[in-house]
Amino acid sequence: MTVWACVSPMITLTITGVIPLSLLLFYYLLDKERVKSRQVADTYGHAHYRPLNEKNEDPPRALTWGEKCSSVGRIMPLIVALFVAYVAQYVTIQAVFTTIAFTNVPFKPRDQYVLYILLNSGGELLGRSYLSIIACVSPQIVSRIVFKHTWVLSLVQVAIMVLASCESWFRFIESVAVVMSLSFIIGVLSGIIFVNSVCAVPEIVEPRFREFSLGVISIGESLGALLASFIGFFVEPALRRHCENTKDSHKSMCFTRNDKSQWRQTVCSKDF
């Protein structure tokens, strides 16, 4: 039983318990005098107000089905690219990397998969926030670096999925660092595709279609994750059976998730 296997859930529970309490601490430290209604009124007391010129404008008109279909058609390449990207990501992480583990590392198979998930999630966080980071440094260049051809990155993710599947079948990669790097890269690509798809919508459709189009764009992510879950039902068992048939002495390296239902056994079992 490794120390990491039992300590890691304790660290996770500690962090998840401290974060809600920290919100109460921050609220206590907040200068609440500045957010009171009278303070807000005093802040703008020196401003001079005048009535706006009222114009006889028609109220906003609801979009017709034809207009909705037209706006969906304009952003369909972004939706398809997002769909393909998340199919590739979830199949790779949840169905292929679960069958890949290495004997030449000090971690058990379960711990190796935890690292895969950690790097993938960290990479997606970085990919989704990189435009915000750039905006903090130089806001004027953000609109110029929005990448509209997200299908290119989706094809890269498909290539990584194929490479990972070949590794699970043929076992030609000898270093866990390679798989960990692929986990991080595919997370970064997924984040980049998502944020660029959202940022590209206002540049493709007219202003009155933006709200509807921004809501529709997320369908690609949801459908991709859904389809990947069905694909995983068939891909993971097939890869696992093939690995177990070819590695009689290292069958534990063929599956990185424990079959046992109790979390204590999953984390601290000596025979895993």
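Before reading further, recall that the structure is shown in the block above.
Comments concerning the pattern of salt bridges
- Under the defined criterion, the tally for this structure stands at 7 salt bridges.
- In this structure, E244 engages R240 in a salt bridge whose closest nitrogen and oxygen atoms are separated by 3.2 Å. With E244 and R240 both in helix α8 (residues 219-246), this residue pair falls 4 residues apart, about one helical turn.
- Linked by salt bridges that have partners in common, E124, R128 and E221 make up one network.

Structural notes on a nonpolar patch on the surface
- On the surface, I219, L223, L226, L227, F230, F233 and F234 cluster together into a nonpolar patch covering about 730 Å² of accessible area.
- Checked against the element boundaries, I219 lands in helix α8.
- With relative accessibility at 39%, the residue I219 sits in the partly exposed group.

Digging into the nonpolar core
- In terms of nonpolar packing, the biggest core is built from 30 residues, with V91, V96, F97, I100, F102, Y116 and V179 touching the most fellow members.
- Mapped by element, the contributors of at least two residues to this core are α3 (65-96), α4 (109-137), α5 (150-170), α6 (176-204) and α8.
- Considering each element in turn, this core owes the most residues, 9 residues, to α6.
- For V91, the residues in contact, after removing those within four places along its chain, are V96, M161, A228 and I231.

So, α6
- Between the first and last C-alpha of α6 there are 42 Å, a value that for 29 residues agrees with the 42 Å anticipated at 1.5 Å per step.
- Measuring from the side-chain oxygen of the N-cap residue of α6 to the backbone nitrogen of A177 gives 3.2 Å; that N-cap residue is S175.

Rules and cut-offs
Residues numbered from 1 in each chain as written. Predicted model: local features only at pLDDT ≥ 70, side-chain atom pairs only at ≥ 80, totals over all residues. Heavy atoms only, no water. Salt bridge = Lys/Arg side-chain N within 4 Å of Asp/Glu carboxyl O. Helix = DSSP H or I, 4+ residues; strand = E, 2+ residues; numbered from the N terminus. Patch = residues over 30% accessible without salt bridge, like charges linked within 9 Å, V, L, I, M, F, W, Y side chains within 5 Å. Areas by Shrake-Rupley, 256 points an atom, 1.4 Å probe, with all protein chains shown as cover. Buried < 20%, exposed > 50% of the residue type's maximum accessible area, 1.4 Å probe, protein only. Core = buried A, V, L, I, M, F, W, Y, C linked by side-chain atoms within 4.5 Å. Contact = heavy atoms within 4.5 Å. Expected span 1.5 Å × (residues − 1). Polar contact = N/O pair within 3.5 Å; in protein donor to acceptor, adjacent residues only side chain to side chain.

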